[in-house]
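One-letter residues, chain by chain:
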Amino acid sequence: MNHQGILVVVSGFSGAGKGTLMKELLKRYDNYALSISATTRAPREGETDGKEYFFVTKEQFEKMRDERKLVEYAQYVNNYYGTPKEYVEQKMAEGKDVILEIEIQGALKVKEKYPDALMLFLVPPDAQTLKERLVGRGTETADVIHDRLERAAQEAQEMGSYEYIIVNDDLDTCVKQVHELIQSAHCKKSHNTAFIKELQQDMNCFLKGE
Ligand code: 5GP
């Protein structure tokens, strides 16, 4: 089978539980690499540069963008966010499945560049749960929470661009579901073109007794 890793895009409303899902996936399975984005947003309490994000200035971000060092980028609630290219390509070549936890505009650009990317969209069971999670997190002001809920409502209109919608009601079920989807994606024909050719040749040689 192919040894190149696959690209997995995980999007979802702010507060849908993407961060927790990522942490669990990385803890339980060892074939995943999580891409660390660059952002102009200020670090939240407890966030470290180079761990959750690379925290950069607007000028630094624009330089990365202009030098084509980003796979994609987008503006989200007054800040820039982007995926550094080098890490993604290196880890996929090493055979790791690379997960991008990004918003919808960037996700659509990734799908254009990498049509085989697996597109997952994470949602809460309902709107009330989403609001409770955002408020309960205690990391954003009421204004920012309002902006994020507004953005979520917009994103809900565009969810149809994703292949799979995952409801994050029970975390354990959700982690297993996502893991299984990624594993199944490895069996897709488009991820195995080199292997298919190799096997066809092997079968022919075998029949000829070579
Ligand atoms: P937060 O500020 O809550 O960490 O992230 C805000 C939004 O930006 C989330 O929806 C998150 O998925 C998205 N995001 C994080 N990194 C990137 C990135 O590199 N590119 C894009 N397009 N969105 C990102």
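Residues numbered from 1 in each chain as written. Predicted model: local features only at pLDDT ≥ 70, side-chain atom pairs only at ≥ 80, totals over all residues. Heavy atoms only, no water.

### Here's the deal with the site of the ligand
The test is simple: It suffices for a single heavy atom of a residue to lie within 4 Å of a molecule or strand for the residue to be listed as near it. Each polar contact in these results corresponds to two N or O atoms within 3.5 Å; when the atoms are within protein, one needs to be able to donate a hydrogen and the other to accept it, and residues that are neighboring in sequence are counted only if both atoms are side-chain atoms. Each helix corresponds to a stretch of at least 4 residues labelled H or I by DSSP, and each strand to a stretch of at least 2 residues labelled E; elements are numbered beginning at the N terminus. Basically, the charged four are Asp, Glu, Lys and Arg, the nonpolar ten are Ala, Val, Leu, Ile, Met, Phe, Trp, Tyr, Cys and Pro, and anything else, Gly included, counts as polar.
Around the ligand sit 16 residues in total, of which Ser-37, Arg-41, Tyr-53, Tyr-81 and Glu-103 are the nearest. Between the ligand and Arg-41 there is a distance of 2.6 Å, counted from an oxygen atom to a side-chain nitrogen or oxygen. Here an oxygen atom of the ligand sits 3.3 Å away from a polar atom, N or O, in the side chain of Thr-83. Secondary structure elements with two or more residues in the shell around the ligand: strand E5 (70–76) and strand E6 (79–84). Residue composition of the shell around the ligand, by class: five nonpolar, four polar and seven charged.

### Notes on the packing of aromatic side chains
The test is simple: Ring pairs are drawn from Phe, Tyr and Trp, using the six-membered ring of Trp, whenever the two centres fall within 6.5 Å, and their geometry is named by plane angle: stacked under 30 degrees, edge-to-face over 60, tilted for the rest. Charges are assigned to positions over rings by a cutoff of 6 Å between ring centre and Lys NZ or Arg CZ, combined with an angular limit of 35 degrees from the ring normal.
Counted by the stated rule, this structure contains nine aromatic pairs. Ring-pair connections join several aromatic residues into one group, and the members of that group are Tyr-53, Phe-55, Tyr-76 and Tyr-81. The ring of Tyr-73 is capped by Lys-109, whose NZ or CZ atom sits 4.7 Å from the centre of that ring.

### Looking at the environment of Ala-107
Here is the rule we go by: Exposure is judged per residue with a 1.4 Å probe applied to protein chains only, and the accessible area is read against the type maximum: over 50% gives exposed, under 20% gives buried, and values in between give partly exposed. Contacts are assigned to residue pairs with any non-hydrogen atoms lying within 4.5 Å of each other.
By secondary structure assignment, the location of Ala-107 is in helix H4 (residues 104–113). When its relative accessible area of 0% is taken as the criterion, Ala-107 is described as buried. In this structure, the C-alpha to C-alpha distance between Ala-107 and Val-123, residues 16 residues apart in sequence, is 16 Å. Not counting residues within four places of it along the chain, the set of residues in contact with Ala-107 comprises Val-9, Ser-11, Ile-102, Met-119 and Tyr-162.

### Focus on the environment of Gln-105
Within the secondary structure layout, Gln-105 lies in helix H4. C-alpha of Gln-105 to C-alpha of Gln-75: the two residues are 30 residues apart in sequence and 8.6 Å apart in space. Setting aside its immediate chain neighbours within four residues, Gln-105 contacts Ala-74, Arg-151 and Glu-158.

### As for the sheet that holds E6
For clarity, the threshold we go by: We call two strands paired when DSSP finds no fewer than two bridges between them. The angle between two axes is taken between their N-to-C directions and runs from 0 to 180 degrees, where each axis is a line fitted to C-alpha atoms and a helix contributes only its stretch in contact.
The strand order E4-E3-E6-E5 describes an open sheet built from four strands, whose pairing is mixed. On the outer flanks of this sheet lie strand E4 (53–55) and E5, each paired with one strand and no other. Each strand of the sheet is rotated relative to its neighbour by a mean of 25°, with strand direction disregarded. Judged from the six bridges that link them, E5 and E6 form a sheet pairing that is antiparallel. Within E6, the residue paired with Glu-72 across the bridge is Thr-83.

### Looking at the nonpolar core
Stated precisely, the cut-off is as follows: Grouping buried Ala, Val, Leu, Ile, Met, Phe, Trp, Tyr and Cys residues that are joined through side-chain atoms within 4.5 Å yields what is termed a nonpolar core.
Counting 39 residues, the largest nonpolar core has Leu-7, Val-8, Val-9, Leu-21, Leu-100 and Val-110 as the members making the most contacts within it. Where this core is concerned, the elements lending two or more residues are strand E1 (7–12), helix H1 (18–28), strand E2 (32–34), helix H3 (85–93), strand E7 (97–101), H4, strand E8 (118–123) and helix H7 (171–185).

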